[in-house]
Amino acid sequence: MSIVPAPLLRFYHRMASPPHFYSFTDKLLPWFVVIFVLLVVAGLYGGLYLAPTDYQQGDSYRIIYIHVPAAWMSLFIYVVMAISGAIGLIWRMKIADVVAISSAPIGASFTLIALVTGSLWGKPMWGTWWVWDARLTSELILLFLYLGVISLYGAIEDKRTASRAVSILALVGVVNIPIIHYSVEWWNTLHQGPTVAKMGKPSMHIDMLIPLLLMATAFKFYYAIAMMLAAKVELLSREQNSQWVKKIVEEKS
Amino acid sequence: MTPVKKQRLILILLMVAGIATAVTFALKAFNENLMYFFSTSEVVAGKAPEQAKFRLGGMVVEGSIERPGDGLMVRFVLTDYSKEVTVEYTGILPDLFREGQGIVTNGRLNKEQVFIAEEVLAKHDENYMPPEVADSLKKVALQQTIGQ
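Residues numbered from 1 in each chain as written. Chains lettered and ligands numbered in written order. Predicted model: local features only at pLDDT ≥ 70, side-chain atom pairs only at ≥ 80, totals over all residues. Heavy atoms only, no water.

### Looking at the overall build of chain A
Of regular secondary structure, chain A possesses nine helices and zero strands. Order of helices (α) and strands (β) in chain A, N terminus to C terminus: α-α-α-α-α-α-α-α-α. Along the first, second and third principal axes, the C-alpha atoms of chain A reach 60 × 45 × 35 Å. Counting across all 253 residues of chain A, residues that qualify as buried make up 51%. Surface accessibility of chain A: about 12,300 Å² in total, with carbon and sulfur atoms responsible for 71%. (Helix = DSSP H or I, 4+ residues; strand = E, 2+ residues; numbered from the N terminus. Buried < 20%, exposed > 50% of the residue type's maximum accessible area, 1.4 Å probe, protein only. Areas by Shrake-Rupley, 256 points an atom, 1.4 Å probe, with all protein chains shown as cover.)

If you want it as structure tokens, here you go:
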């Protein structure tokens, strides 16, 4: 007897097979692109045009529609990377390893975007580009963790060994995630406290909040698209000697 | 789950738990150093360094901003709603600097316990709303104080 329902288990086992994963992402991708485009257009139109100006910051606050979703994604992708790394370590599942390493560059990019947009906003609002407070420093450490994962993977020749090393590094770094989230509550920081991701009502007007949530969802879909594209390439290069890859190459040529 | 997989799972959980405990203790030990600024109560209580530079954070008291000279020198009072500290600063203030706003300053205390700031940073709060909403909120607060 298993606690996991049978259809879910079946889905899991089928996704574990590389050719099935490959064709499944092929079917999923066009839908995800359509949903992403719709969400990002709605979110940007709502955020940059429809949303009212802020009572204190005027129009400068609108960078929030990039900064905050990017910062959320930097944490979200890291958790996905660590969990799939753990699955790869425990069950030796190839797809999980591929998902983990394909997520790293996307996560690193979102972290960089969050840091750069925050810095651009910080100069006029705070009066400085950068301060070494707990929130900014822990987010910078997250960027270094991502870069560490990417370079460790590149440094080891055998990709199965590399995946194991990378998964352990990702799991070690996962302690940083709650630190980033709670840094603004545990310590005095220059960075403000949470507006949306907190207990109780968000401290944001509803007309400003809806585009923000639209953008956050759009970024999630963007990540799924970018990750699946990268995972397909990674899978092809890892499985290049297998029958199903040869078949795809023959069909394409 | 086979015994081998179970063992790996337990090993990973132990590793993550171990690192989390180690980091928690390290952060607890460095708690003071991780604070970006001192509050005004801590400064009044003498917890801030006497000679060295440190950061002071607090709310700018309403009606406390004054410009004693012709220059850029500004004097204002910071509070954490319990103790107050007077701050003097010469220079350009950030956009968000205004009365009732949270700020962080960097500088040192002089002999008269006045904080001589070399840098003033505005600390934004977590509230976002259109100006009309902010106005009506202010009106409601005003009516409540009149009502009392």
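### Here's the deal with the interface of chain A and chain B
The partner chain B presents 36 residues to the 43 residues of chain A that form the contact. For the pair chain A and chain B, the interface holds zero salt bridges. Where chain A packs against chain B, one counts 13 residue pairs in polar contact (both at pLDDT 80 or more). When contributions to the side of chain A that touches chain B are tallied by element, the ones reaching two or more residues are helix H3 (64-91), helix H4 (94-125), helix H6 (159-173) and helix H7 (176-186) of chain A. At five residues, the largest contribution of residues to the side of chain A that touches chain B is made by H3(A). Here the residues of the side of chain A that touches chain B are counted per class, giving 26 nonpolar, 13 polar and four charged. (Contact = heavy atoms within 4.5 Å. Salt bridge = Lys/Arg side-chain N within 4 Å of Asp/Glu carboxyl O. Polar contact = N/O pair within 3.5 Å; in protein donor to acceptor, adjacent residues only side chain to side chain. Nonpolar A, V, L, I, M, F, W, Y, C, P; charged D, E, K, R; others polar.)

### Considering the pattern of salt bridges
Residues and elements named next belong to chain A. Scanning the model with the defined rule gives seven salt bridges over all chains in all. Asp59 is paired through a salt bridge with Arg62; the nearest N and O atoms lie 2.9 Å apart. In this structure, Glu234 engages Arg238 in a salt bridge whose closest nitrogen and oxygen atoms are separated by 3.3 Å. Residue Glu234 and its partner Arg238 are both found in helix H8 (residues 206-238); the two are separated by four residues, about one turn of the helix. Taking relative accessible area as the criterion, Arg238 reaches 22% and is therefore assigned partly exposed.

### Comments concerning a nonpolar patch on the surface
The grouping of Ile3(A), Val4(A), Leu8(A) and Leu9(A) at the surface amounts to a nonpolar patch, some 400 Å² of accessible area in total. Checked against the element boundaries, Ile3(A) lands in the segment before helix H1 (6-15). (Patch = residues over 30% accessible without salt bridge, like charges linked within 9 Å, V, L, I, M, F, W, Y side chains within 5 Å.)

### Describing the pairing of strand S5 (residues 102-109) of chain B
Of all eight residues making up S5(B), seven are buried, and the element is well covered by its neighbours. The hairpin formed by S5(B) and strand S6 (residues 115-122) of chain B contains five residues between the paired strands, and Gln113(B) there has a positive phi angle of roughly 60 degrees. (Pairing = 2+ DSSP bridges.)

### Details of the confidence of the model for chain B
Overall, the prediction assigns chain B a mean pLDDT of 85, with 98% of residues at 70 or greater. For this predicted complex, the interface score ipTM comes out at 0.79, while the overall pTM is 0.88. (pLDDT = per-residue confidence, 0-100.)

### Topic: the nonpolar core
Counting 72 residues, the largest nonpolar core has Tyr65(A), Tyr78(A), Met81(A) and Phe110(A) as its most contacted members. Listing elements by their share of this core, those giving two or more residues are helix H2 (18-50), H3, H4, helix H5 (134-155), H6, H7, H8 and helix H9 (243-252) of chain A. Tyr78(A) has contacts with Leu142(A), Leu145(A), Tyr146(A), Leu169(A), Ala170(A), Gly173(A), Val174(A) and Ile177(A), leaving out every residue within four places of it along the chain. If you look at the next biggest cluster of nonpolar residues, it comprises 17 residues, including Leu56(B), Val60(B), Val87(B) and Val120(B). (Core = buried A, V, L, I, M, F, W, Y, C linked by side-chain atoms within 4.5 Å.)

### So, the pairing of S6(B)
Along a regular strand, successive side chains alternate from one face of the sheet to the other. Residue and element names in this part refer to chain B. The sheet contact formed by strand S4 (residues 84-90) and S6 spans three bridges and is parallel. By the bridge assignment, Val87 is partnered in S6 with Phe115. Inspection of the sheet shows S5 paired to S6 by seven bridges, in the antiparallel sense. Across the sheet, the residue bridging to Asn106 is Glu119, located in S6.

### Side note on H7(A)
An α-helical segment advances 3.6 residues per turn. Residues three or four places apart therefore align on the same side. Taken as a whole, H7(A) has its buried residues at Asn176(A), Ile177(A), Ile179(A), Ile180(A), Ser183(A) and Val184(A). Taken together, the buried residues of H7(A) touch H3, H5 and H6 of chain A together with helix H1 (3-29) of chain B.

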